[in-house]
Amino acid sequence: MANTSDVKLDDASVLTSKSWFIYLIVALVGGAVYLGCSVSPPSLMDDVDAAVAQISRNMVTSGDWVTPRVDGIVFLEKPAMFYWPMAVSFKIFGVHDWAARIPFALSAIGLACLTCAFGGWAFGRRAGLCAGLCIATCVGLFLFTRIVIPDVTLTFTIALAMWAFLRALDEEEPHPRFWAFVLAASLGAGVLLKSLIGVVFPIATGVLYLFLTKQFFVARTWKRLRPISGFFIALLVAAPWHILATLRNPPYFSLSLHGGPGEYHGFLWFYFINEQVLRFLNLRYPRDYNTVPRLWFWLLHFLWLFPWSVYFPALAGLSFKPADRAGRARLLAICWIGFILVFFTFSTTQEYYSMPCYPALALLLGSAMAADGDWIRRGTRVLSVIAGCAALACITIFFLVRNLPAPGDISSALGHHPSAYTLSLGHMLDLTFDSFAYLRLPLVVAALALLAGALATLRWVDLRSFLAAALMMVLFYHAARLALVVFDPFLSSRPLAEVLLKSPDGKLIVDHNYWALSSITFYVERDVLILNGRYFNLEYGSYAPGAPDIFIDDIRFKRLWLDSERYYLVTYQPKLQQFKDLVGQDHLEIVAAGGGKLILTNHPLEHVSLVEGIHHL
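This is a predicted model, so every value here is computed, not measured.

Draft legend 1. Inspection of the sheet that holds strand β4 (residues 529–531) at higher detail. Spatially, the six strands line up as an open sheet ordered β5-β4-β3-β6-β8-β7, and their pairing is mixed. Two strands bound the open sheet, and with one partner strand each, they are β5 (551–552) and β7 (589–594). Bridge analysis of β4 against β5 gives two bridges, and the strand direction is parallel. Note that in β5 the partner of I530 across the bridge is F551. Across the sheet, helix α24 (residues 554–561) is in contact with β3 (507–511), β4, β5, β6 (567–572) and β8 (597–601); its angle to β6 comes to roughly 135 degrees.

Take a look at the structure:
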């Protein structure tokens, strides 16, 4: 059982002179990972990454902070607070790709510090430090914050709500009213970040905990939690935007449980019924998502919590009896984890959907790590072996590819699995052995990080081994950042956008899927026409009253392309022949090529520099 000897029943254990140093360590580690990997290349990626940034910039330039829009089309899938932090960052720092990542980097650092504070309050400073390091350096949080999505901020609000819930119930807590109000405000913020998920997860977890501890029917429980005043606080936080969005995007009410082509029922229907109810039932229209197999959804947590998942067996030796603060915190963590995982077992799932339970797992791991024991020492030895084997694999791959040619950019060496791209990590399947020839420097840095970590964890089995593992992961993530820079032409269209910015003025057309080429529009800062792309994310808003006429078909495209006005088309290299057949080879001029993508124009250009990679055509 975790050592709770340094846990006072007031705030002294969290605010002593030693505690600030613990927070500083966690913040520095988190900053080295998240700020260090966010304010430098790579560019914003195509798909959701650049699309969210473009929506946020539209808020800044239009002054409309209520209705998100993509290329003038209302985009009602997510709450506005999904975009507000990025829009504020653009207002402060200017519109840059690194400015788009700042809010999410700060959220990740804040989550690590919050988990550290939660663990310190519940189990003691040592456990708090371990829990904070778990969050700051685990694989899952790093992977899923490479894309600018709000789940890390949502996870912060849920973790804060869970801590506030426990503190409000703690009989020794001197300020239960304050923590009850923090709980309510966190719930309201969660709704603004990701709708009903932000309130369902914490409330369901809390209700389950109260039943298990036999406090649900105790009047004093509700007196301390203050649900009525809390409801109005949460309402005050969440309701104004929902009301404004409903009024600005009529019709106001629709109870239809069906959506289809040409149907538009306003904001409230799409946001609540389609995005919440029908999505949970896998009946949402359009169905532009995939789902991870349930067994993998559970088992992948060994990877998402790596390197700390080697200590999972030690959790079996912890006490979950709510006899003291530590036991209550562990029981709440189990309820927290269990509800989220079971919820998504019966719903559609992406790899990152379980991120809100990472802090709970980190708290349990931190508690076990602070308690030490045989399973912790064995886990450290297992980590040493894993790190050593991974280092050996990196070194072996480096020597096998050291003499392989690496012409152009990495896209020429990758496979293509479009059916997997509806999953967050679908592009991982594109890796081939030859592609590692482009990743020699990342392989060397990763090998050094893993080798150092293996040696350090082999020598030490105490707190020093935890710090060594955390530093290993910091260096490893910077190797991953270097790899992402190599992938930049494939994952982002920025190199093409830079050529387009130097070219003569002309209207821009994006072929087929706006999302898949969205970084073009972010970097060139202009609206576009979309060829044969009225589907998936943009379909619903395209039928809203007053929606701009930006969707064109082949017939209209051919008419525009053969006109005297200049147009540019962004498409993929394999589709070049299709456009030659449509408009004729004489009307196609290649402006730039790279990353498997093309920019074409309908009139000849002079003095245009083509990006590296055109010789692959």
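Picking up where we left off.
Draft legend 2. Seen up close, the layout of surface pockets. The computed volume of the second largest pocket comes to approximately 610 Å³. Forming the boundary of the second largest pocket are 27 residues, of which L187, V199, I203, F231 and A234 lie nearest the centre. Contributing elements (two or more residues each) for the lining of the second largest pocket: α8 (151–169), α9 (176–194), α10 (197–212), α11 (219–225) and α12 (227–248). No other element matches α12, which puts eight residues into the lining of the second largest pocket. Split into classes, the residues belonging to the lining of the second largest pocket amount to 22 nonpolar, four polar and one charged.

Draft legend 3. The arrangement of the pairing of β3 in detail. Of all five residues making up β3, four are buried, and the element is well covered by its neighbours. Direction of pairing for β3 relative to β6: parallel, over a ladder of four bridges. Bridge assignment links V510 to a residue of β6, and that residue is V570. Pairing geometry for β3 and β4, over three bridges, is parallel. Counted as the bridge partner of I509 is L529 from β4.

Draft legend 4. The packing of aromatic side chains, seen in detail. Enumeration over the complete set of coordinates arrives at 44 aromatic pairs. With centroids separated by 5.3 Å and ring planes inclined at 85 degrees, the aromatic side chains of W241 and F267 adopt a geometry described as edge-to-face. Taken as a pair, W241 in helix α12 and F267 in helix α13 (residues 266–280) lie far apart in primary sequence, 26 residues in all. Owing to a relative accessible area of 4%, W241 belongs among the buried residues under this scheme. Feature note: the residues F144, F201, F297, W304, F339, F343, F344, Y352 and Y353 constitute an aromatic cluster, connected by ring pairs.

Draft legend 5. Inspection of the nonpolar core at higher detail. Counting 203 residues, the largest nonpolar core has L141, W308 and Y358 as the members making the most contacts within it. Among the elements that make up this core, the one with the highest residue count is helix α5 (residues 97–123) (15 residues). When residues no more than four places from it in sequence are discounted, the contact partners of W308 are L133, C134, T137, C138, L365, M369, F466, A469 and A470.

Draft legend 6. Highlighting the packing of α9 against α10. Closest axis-to-axis distance for the α9/α10 pair is 6 Å, and the angle between their directions is 140 degrees. Comparing their axes, α10 and α9 come out oblique. Contacts between α9 and α10 pair L187, G190, V191 and K194 from the former with I197, G198, V199, P202 and I203 from the latter.

Calculation rules
- Residues numbered from 1 in each chain as written.
- Predicted model: local features only at pLDDT ≥ 70, side-chain atom pairs only at ≥ 80, totals over all residues.
- Heavy atoms only, no water.
- Pairing = 2+ DSSP bridges.
- Helix = DSSP H or I, 4+ residues; strand = E, 2+ residues; numbered from the N terminus.
- Contact = heavy atoms within 4.5 Å.
- Axes fitted to C-alpha atoms, helices over the stretch in contact; angles between N-to-C directions.
- 1 Å grid on protein atoms, 1.4 Å probe; cavity = no way out; pocket = protein on both sides within 12 Å on 5 of 7 lines; lining within 4 Å.
- Points joined across faces, edges and corners; volume = space filled by probe spheres on them.
- Nonpolar A, V, L, I, M, F, W, Y, C, P; charged D, E, K, R; others polar.
- Buried < 20%, exposed > 50% of the residue type's maximum accessible area, 1.4 Å probe, protein only.
- Phe/Tyr/Trp six-rings, centres within 6.5 Å; stacked < 30°, edge-to-face > 60°.
- Core = buried A, V, L, I, M, F, W, Y, C linked by side-chain atoms within 4.5 Å.
- Parallel < 35°, antiparallel > 145°, perpendicular 65-115°, else oblique.

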